Amino acid sequence: MPPLNPPGAWVRTWRSPEELAGGLPDTALAEFAEAFGVTEASRRQVLKIMAASLALGAVSSCGDASDPSGVAVPYVNQPEQQIPGRPRYYATATLLEGFAQPVLVETHEGRPTKIEGNPDHPVGRGGTDAFIQAAVLQLYDPDRSQTVQHLGRIATWGHVEAAFADLRRRLDETGGAGLRLLTGDVTSPTLSRQLDRLQARWPQARWHGFEPVGSDLRHTALRQTFGARLAAHYALERAHVVVALDEDLLGPGPAQVRHADGWASRRRAALAGDGACRLMVAEPTPTLTGAMAESRLPVSAARIGALASALAARLRSGGAAAPQLSLGEEAWVAAAAQALQENHGRALVAVGAHQPAEVQAIGLHLNQTLGNLGATLVLTDPVARPVAEGQDLLALSAAIGTGDVETLLLLDVNPTYTAPAHMAFPQLLQQVPLRLHVGLFADETAALCHWHLPLSHPLESWGDARAVDGTVTLLQPTVRPLYETRSGHEVLALLLAEGPTDGLAIVRDTWQTHLDGWADDPAAQEELWRSFLRAGFIPDTALQARRPALAGEPAAALPESPGAEGIEIVFRPDPCVWDGRFANCAWLQELPKPLTKLTWDTIAAVSPSLAADGNIRTGDLVRVTAGTGSLEAPAWVLPGQAERTVTLYLGYGRTRAGRVGSGVGYDAYRLRRWDQPWMLRDAAISPSGSAVPLATTQHHDTTAGHPIVRTVALRELQADAGAVHHEAPRQPSLYRPWPEGDPAWAMSIDVDLCIGCNACVIACQAENNVPVVGREQVAGGREMHWLRIDRYYNGPPENPGTTFMPIPCMHCEKAPCEVGCPVNATVHGNGGLNEMVYNRCIGTRTCSSYCPYKVRRFNWFDFTGDASPQVRAQRNPDVTVRARGVMEKCTYCIQRISAASRQARVENRPIGDGEVVPACQQACPTTAIMFGNAADAGTRVSQWKQSSREYGLLEHLGTRPRTTYLARVTTGEPRGES
Amino acid sequence: MPPADAPAIQHPMGRRPIVPVRSFASINEQITAITLHPPYLRNWWIGILISGALTGLLVLSIGWLFIRGGGVWGINIPVNWSLAIINYVWWIAIGSAGTLISALLLVLEEPWRNSLNRFAEAMTVFAVICAGIFPIIHLGRPFFFLWLFPYPNVLGVWPQFKSPLEWDVFAVPVYLVVSVLFWYLGLIPDMASLRDRATARWAQVFYGLLALGWRGSVTHWARWRRVYRLIAILGVPLVISVHSGVALLYAVGQIPGWHSTIFPPFFIIGAVFNGFAVVAMIAVVLRHAFGLDQLVTLRHLDILGMVLLATGVAVGYCYVMEAFTAWYSGDLYERQTLWDRAVGIYAWSYWGAIACNVGSIQVLWWPAARRSPWILFAVGAITTVGMWLERFMLQTTPLYQDFLPSSYGVYWPSFWEYSTLLGSIGLFFFLFLLFVRFLPMISIFEVAEVVKDERRSQAEGGR
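No experiment lies behind these values; they were computed from the predicted model shown. The residue numbering used here restarts from 1 in each chain and proceeds along that chain's sequence as written. All chains are assigned letters beginning with A, and all ligands numbers beginning with 1, in the order in which they are written. A pLDDT threshold of at least 70 governs which residues receive local features in this predicted model, and a stricter bar of 80 or more applies before side-chain atom pairs are shown or counted, although totals over entire chains, interfaces and linings include all residues.

Along the backbone of chain A there are 30 helices and 39 strands. Out of the 978 residues in chain A, the part that is buried amounts to 59%. We call two residues in contact when the distance between their C-beta atoms, placed using the backbone, is within 7 Å. Across chain A, contacts joining residues at least 24 apart in sequence account for 74% of those joining residues at least 6 apart. Each helix is a run of H or I in the DSSP string that is no shorter than four residues. Each strand is a run of E no shorter than two, and both are numbered from the N terminus. Comment: burial labels come from other C-beta atoms within 10 Å of the residue's own C-beta, placed from the backbone, where a count of 20 or more is buried, 12 or fewer is exposed, and between is partly exposed.

The secondary structure content of chain B amounts to 16 helices and zero strands. The quantity called the radius of gyration is restricted to C-alpha atoms. Its globule counterpart is 2.2 Å times the number of residues to the power 0.38. What you see for chain B is a C-alpha radius of gyration of 23 Å, in line with the 23 Å of a compact globule of 463 residues. In terms of its C-alpha atoms, chain B occupies a principal-axis envelope of roughly 75 × 50 × 40 Å. Across the 463 residues that make up chain B, the buried fraction comes to 52%. A separation of at least 24 residues holds for 80% of the contacts in chain B among residues at least 6 apart in sequence.

Turning our attention to the pairing of strand S29 (residues 745-750) of chain A. All names here are of chain A. Burial within S29 is extensive, with six of its six residues counted as buried. Strands qualify as paired when DSSP identifies two bridges or more between them. Note that S29 and strand S36 (residues 929-933) share five bridges and pair antiparallel. Bridged to alanine 746 within S36 is glycine 932.

Moving on to the interface of chain A and chain B. Between chain A and chain B, the contact holds 44 residues from the first and 38 residues from the second. The set of elements that each furnish at least two residues to the side of chain A that touches chain B consists of helix H25 (816-820), helix H26 (846-850) and strand S34 (857-858) of chain A. If one sorts the elements of the side of chain A that touches chain B by residue count, H26 of chain A sits on top with four residues. Class assignment of the residues belonging to the side of chain A that touches chain B gives a composition of 17 nonpolar, 18 polar and nine charged. Each residue is assigned to one of three groups, with Ala, Val, Leu, Ile, Met, Phe, Trp, Tyr, Cys and Pro labelled nonpolar, Asp, Glu, Lys and Arg labelled charged, and all others, Gly among them, labelled polar.

For the purposes of this description, domain bounds are those given by an automatic or database domain assignment. Taken as a whole, chain A is organised into domain 1 (231-380), domain 2 (567-695) and domain 3 (711-732 + 747-970). Taken residue by residue, the interface counts 12 residues in domain 1 of chain A and 19 residues in domain 2 of chain A.

Residue and element names in this part refer to chain A. Reading across from one edge, S1-S2-S3 is the order of the three strands in this open sheet, with antiparallel pairing throughout. Looking at the sheet topology across the chains shown, the edges are occupied by strand S1 (88-96) and strand S3 (111-117). For this sheet, the mean inter-axis angle between neighbouring strands, taken without regard to orientation, is 40 degrees. As paired elements, strand S2 (residues 99-108) and S3 share six bridges and run antiparallel to each other. Bridged to valine 105 within S3 is isoleucine 115. Fitted lines through C-alpha atoms give the axes, limited to the stretch in contact for helices. The angle between two N-to-C directions lies from 0 to 180 degrees. Sitting on the sheet, helix H5 (residues 130-139) touches S1, S2 and S3, and the angle it makes with S3 is about 170 degrees.

Taken over all residues, the pLDDT of chain A has a mean of 86, while the share at 70 or more is 88%. This stretch, residues 974-978 of chain A, has a pLDDT under 50; its non-local contacts, to residues over four places away or in other chains, come to 13 contacts. Per-residue confidence from the predictor is reported as pLDDT, which spans 0 to 100.

Right, let's get into the sheet that holds strand S8 (residues 231-234) of chain A. If you trace the three strands from one edge of the open sheet to the other, you get S8-S13-S19 (chain A), paired in antiparallel fashion. Looking along the sheet, the strands with just one partner apiece sit at the ends: S8 and strand S19 (545-546) of chain A.

What follows covers the environment of methionine 191 of chain B. All names here are of chain B. As for its position among the elements, methionine 191 is in helix H6 (residues 164-197). Taking C-alpha positions, methionine 191 is 35 Å from alanine 310, a pair spaced 119 residues apart along the chain. Excluding anything up to four places from it in sequence, methionine 191 contacts Tyr207, Leu210, Ala211 and Trp214.

This paragraph deals with helix H18 (residues 503-518) of chain A. For a helix, the expected span equals 1.5 Å multiplied by the residue count minus one. Relative to the 22 Å expected for 16 residues at 1.5 Å per residue, H18 of chain A spans 22 Å between its end C-alpha atoms, a close match to the ideal helical length. By the largest-angle criterion, glutamine 512 of chain A marks the main kink of H18 of chain A, which is about 45 degrees. To get the bend at any residue, fit one axis to the seven residues that end at it and another to the seven that begin at it, then take the angle between the two axes.

A few words now on unusual backbone geometry. Trans is the prevailing form of peptide bonds, just as negative phi is the prevailing case for residues other than glycine. Between isoleucine 77 of chain B and the following residue, proline 78 of chain B, the backbone shows a cis peptide bond with an omega angle of 20 degrees. Structurally, proline 78 of chain B is set in the loop between helix H2 (41-68) and helix H3 (83-94). If you check the backbone angles, glutamate 109 of chain A has positive phi at about 45 degrees while not being a glycine. Positionally, glutamate 109 of chain A belongs in the loop between S2 and S3. A count of 13 C-beta atoms within 10 Å places glutamate 109 of chain A in the partly exposed class. The backbone of histidine 811 of chain A sits at a positive phi, close to 45 degrees, despite the residue not being glycine. Relative to the helices and strands, histidine 811 of chain A is located in the loop between strand S31 (801-807) and H25.

In this section: the nonpolar core. Across soluble globular proteins, you tend to see nonpolar side chains buried next to one another. Each nonpolar core reported here comprises buried Ala, Val, Leu, Ile, Met, Phe, Trp, Tyr and Cys residues connected via C-beta atoms within 7 Å. Among the nonpolar cores identified, the biggest contains 431 residues, and Ala604, Val606 and Val624 of chain A together with Val279, Ala280 and Leu308 of chain B are the most heavily contacted of them. In terms of residue count, helix H9 (residues 263-289) of chain B provides more of this core than any other element does, 18 residues in total. The residues touching valine 279 of chain B, leaving out its near neighbours within four places in the chain, are Ala97, Ile101, Leu116, Ala120, Met123 and Leu304 of chain B.

What follows deals with H2 of chain B. Residues and elements named next belong to chain B. With 28 residues, H2 ought to run about 40 Å at 1.5 Å a step, and its terminal C-alpha atoms sit 40 Å apart, in line with that. Every buried residue belonging to H2 is among Ser51, Leu54, Thr55, Leu58, Ser61 and Leu65, and all of these are buried. Looking at the buried side of H2, the elements it contacts are helix H5 (117-137) and helix H15 (415-438). Looking one or two places after H2, you find glycine 69, whose phi comes out positive at around 115 degrees.

All names here are of chain B. Packing of H5 against H15 brings their axes to within 10 Å, and their N-to-C directions diverge by 150 degrees. Relative to H15, the element H5 lies roughly antiparallel. Taken as a pair, H5 and H15 cross one another with a handedness that is right-handed. In this structure, H5 uses Ala122, Phe126, Ala127, Ile129, Cys130 and Ile133 to contact H15, whose residues at the interface are Ser424, Leu427, Phe428, Leu431, Phe432 and Phe435. Its residues assigned to classes, the contact of H5 with H15 shows 11 nonpolar, one polar and no charged. Note on angle classes: values under 35 degrees are labelled roughly parallel, values over 145 roughly antiparallel, values of 65 to 115 roughly perpendicular, and the remainder oblique. If you view the pair so one helix is near and one far, a crossing is left-handed when the near helix is turned anticlockwise from the far one by less than a right angle, and right-handed when it is turned clockwise.

All names here are of chain B. It is at 7 Å that the axes of helix H4 (residues 96-107) and H5 come closest, and there the two elements cross at 145 degrees. Handedness of the crossing formed by H4 with H5: left-handed. Across from Ala97, Gly98, Thr99, Ile101 and Ser102 in H4, the residues of H5 making contact are Asn117, Ala120, Glu121, Met123 and Thr124. Classifying every residue of the contact of H4 with H5 by side-chain character gives four nonpolar, five polar and one charged.

This paragraph deals with the confidence of the model for chain B. Confidence in the prediction of chain B, expressed as mean pLDDT, is 88, and 95% of residues score 70 or more. Scored as a complex, the prediction yields pTM 0.89 and ipTM 0.91.

This part takes up the pairing of strand S38 (residues 963-966) of chain A. Residues and elements named next belong to chain A. Neither face of S38 is left uncovered, since the one carrying Thr963 and Tyr965 and the one carrying Thr964 and Leu966 both have all their residues buried. By the bridge criterion, four bridges tie S29 to S38 in an arrangement that is parallel. By the bridge assignment for S38, isoleucine 749 is matched with tyrosine 965. Note: strand S37 (residues 950-952) against S38, three bridges, orientation antiparallel. Following the sheet pairing, glutamate 950 is matched in S38 by leucine 966.

Turning next to the environment of glutamate 247 of chain A. Residues and elements named next belong to chain A. Tracing the chain through its elements places glutamate 247 in the loop between strand S9 (241-245) and helix H9 (256-271). Given 28 C-beta atoms within a 10 Å radius, glutamate 247 is considered buried. On a C-alpha basis, the gap between glutamate 247 and leucine 833 in space is 42 Å, while along the polypeptide they are 586 residues apart. Aside from chain neighbours lying at most four places away, what touches glutamate 247 is Thr289, Ala350, Val351 and Gly352.

The subject of this paragraph is the environment of phenylalanine 532 of chain A. Residues and elements named next belong to chain A. Within the secondary structure, phenylalanine 532 is located in helix H19 (residues 522-535). Remark: the alpha-carbon pair of phenylalanine 532 and threonine 473, spanning 59 residues in sequence, is separated by 8.7 Å. The contacts of phenylalanine 532, once residues within four sequence positions are left out, are Leu474, Phe537 and Ile538.

This is the structure in structure tokens:
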């Protein structure tokens, strides 16, 4: 801790705004650079520095005044419910764009190690996405901000309190004039209450909301169409036909889990003969939704409006006159219109939130005409606190420009990086006399602020937030804050200095009025509150559906579609780092992106024909120019990309993300425009003549004609249940057959339901202590993921079919790997598992050479030994951390099998179905993975394996894989077959 | 004494003499002089320094590997076997010829072996030593290599005897032990010769100890001959077992391009081919360097050339059959591997192997070429490179694209792999230079035996 300055000395620095009008003194910035200028450090060096930072963390938590005991004493009496070696689970939530993602957090002796979905929560029913799974690593990120900083120097919360007191005095005098708050989307009732309170106390203060991705245009469309602030929810579980116009329903985002769950239940029902599940997609750039679609039309983003109008014209929904369509568009629209028409009230037209509000409005009208409102498209009051006119970032910029902003509090936002570059927000920001940044990281914005206050991670703080359906979800800490951090609620409470400043009390205060209404005496209220905490959410708080009347006609004319000549740019959040907020998460950086299988980098996606025209190959650096801006990015020839559309991904090119994320990729915000956030026209793209190596995990796009991905038409499936897919009768074997008994652990993976979302990959990584190896190693083919998702294209590259295929270990009954090992390090275990004995392995790698599926991973270097203490804290104590020179692979989460079997033995009963759930199955938002005992005909996995769609991968080799697949089902007309 | 290229005299086998007839003493003198009064000592020192430096590179490469881990090589998933295994197979193949020349031809009583067997055996021992390094440094955790051996241990775990690697664990050390024994046994009478002719004290002691008290009594000779023959008979099947074991290392895996029953004979033939190529090279060099053309005659080179040609043609047959089988199987994956070999990114290794191993030997159909030392040397060098390329091709092309296209990947050896290969070649030369300096590189008494036979047959022919 630095010596405390006399209060006056440092208070004066911000009380004299004119001194600072020119921005932070260079020296302060230099100090920041010194403290955080770690982008030069190698990623391996990160790990070394981590050790030092933990020491700091330990010091800070020792001195935490909120700890009632103050000293650490080993257990004398074992705490109630705390059984060493037995994990405890807490229901809480992680946040994405302010929306609660309900989770259960597994903790071992006070360390959160793994995140699961909350199966009781109405959203997602236990499914997760990659961001949720990775939140636990973010908690332990050694680059997280650990102390208060003032002008680049370490300060204390005492300093903050003093500064706030002074600020409060000034604001009380002026009624809050000059105070502005900037946050992301706010769904938290507590935060909303605090903002209201702040507004009430200082009426002149203003709150601004800014989400770099968000869905501002969706809100505008809803307001224009219905004349009210609303939120739209897709009920995919009820939608027999979905026509998605540039809407990535199944793609990453706050609603991914909910949509995936809904779509999967509809898909299952449809295969069981209950109605249909048809997905028709028109989109400029390939998405997971497009990959799952029965018909997909690649079309420029600017043509989506024309398609919507054409649909509206065919379905007599009003609006603009039917536009001129190409033959392909015409056919697609005709098919979509027919499908929509035939499914009145159970169809859905979903227009992407990236599309102009007028186009989205056409979609809303179409749903109204088709009777889908209230059925598949549910409207509610807004879930997030609405950002009214004058509350957006543009208004804030204007206010700064006119000198109306004296104090700016930035709560968990990073506009220096995420604001469109033409707004020159960093320069504007430096005109604000007093700037305070509250965030998890001392990021780009923190570097330009006088104060940086470290924020607690959601997993270590009290809070509340609404899930995407509005259900109030409670956040409770799963660990004491690792560093001297406060939650956003606590910071606001500190600023307001009213009521409690402790997180729990603040949140509880919000709900006290409700609790008063729900129960009478305090004991009952406490019991109720505890039940909410146990469940992780407050039941029946989902927002009620509303049936508002139409308030207007769709626009009569849409903006002109571009000519064939111009190139358009569309922006998309990155599937792995979103808007850049996850850039410092090594798991997510190393996660292969669903379609490109690219890691540690970002690309500009170009279509095959554009690439051919411009002589561009994957990996070539291209200069993308739009208006006055331009940037250089590696090109990626992306099959299925609309012909003249270039996709740029947000979230990379960070300069102060931390040691993992800084300096990776290009920054697409440099080209983005406030008025055209998602689409730019008349862009140009030209090869710059050089190329860069890209680290991908899959180099071949097709199955090369082998029957790896199999499909069956729904018609065939329904006509003849025995139609698919066993190759030849099983060959005889000299060796004893498995299963020899009960249980026979086995897995079945439904390729038809796999949307390629990657949740399982990160879940596996978190559960099994799978190390991160870095870009160079991935480029060298040394990624360590035990579970990979193969992506295969079939058909023409202009518009191919796309299939995802998760590949864990096959646990072959006749395992080729076991024959090869000279030291018995990979052997067949009880239950038919192909087991890996790490401490016996001498690393001949014969097992991997012999493995036809290449699912084995080798520790080429010591990938684990030099990990920081924080990152070590994440590790699952039930799973061995592997040493250098040792082979590893998927174990079917043997530690979970073992835990269940111990429990069953204690209770003298067999292991029940569903008692062992491997991490991948648990994470899957569509339940595409099923695990269980195949020796018992009653288990779900046995039922899956009875399916006529079942097939084994490379079955002809006689490996008898325990992991089998269910063939993909094609609905509608088959697309390009391989 | 007739010149080496004198017209053929009548011989029971219809041959010219293998070694020109001369006095036993002159043979003894010439060979022991190389050891006791070494010529070209300056060149020898240059050679030993260069090869010593390369051996240092080997130590450095292995040291770096042990410090940093297997990742310093270019291997990955799917190609997780590196040059280490390729070099191992290559070296062990080179090591086959010594045993074959010495043991098989001893048993078959082919007298022409007697000028070649000593340095061929030395080559075998050194090549097996070079080969033996690689399986150990190939391991992810080399310090646990002893787990490969079945010894009573507290872990209570035995090796896994179904693994072809385990078969190698038995085959290679046994082969090494038998090769060393055979070599040393053959050296004993010559050690006695050196001991008796040495003037320096250290040499008398050194060779005296190695001679094990050999006095050349008839009893000694009788016992010695019995043991020598016995070990020779043991050695021949070991050549088969070692190279079958090496082949099965690949063939047991279900990888297309590996999973083939042709592999064991294919590897044995390749090994003999490669081994003879290196013997031919060494013979040419030694003959030239030490003026041994009266001991290693053009007749020897002619025979070596013929063996090279015969085994090379057999190797060519294996290439054809391998390709034919892949095509004829109808298996898509096998055919794809064949295709990858022919036109994939490693096609240079496939066509290089064919050009070197099948193409270059065609020149040996001409007797003049076989009897031209430097053409034979060139063919030997080309085929040695070719066999390395063949090992590379056989190991890498099936692995880099096996079954699932999603796991295809490429492999390029890293600097440290090449430096290890170069270092192992350095080690080989280092050991070989020590051998030519301190031990008789040609078997004195066995050449004398040949000369005795030649004398007798001349006498018979002249009668």
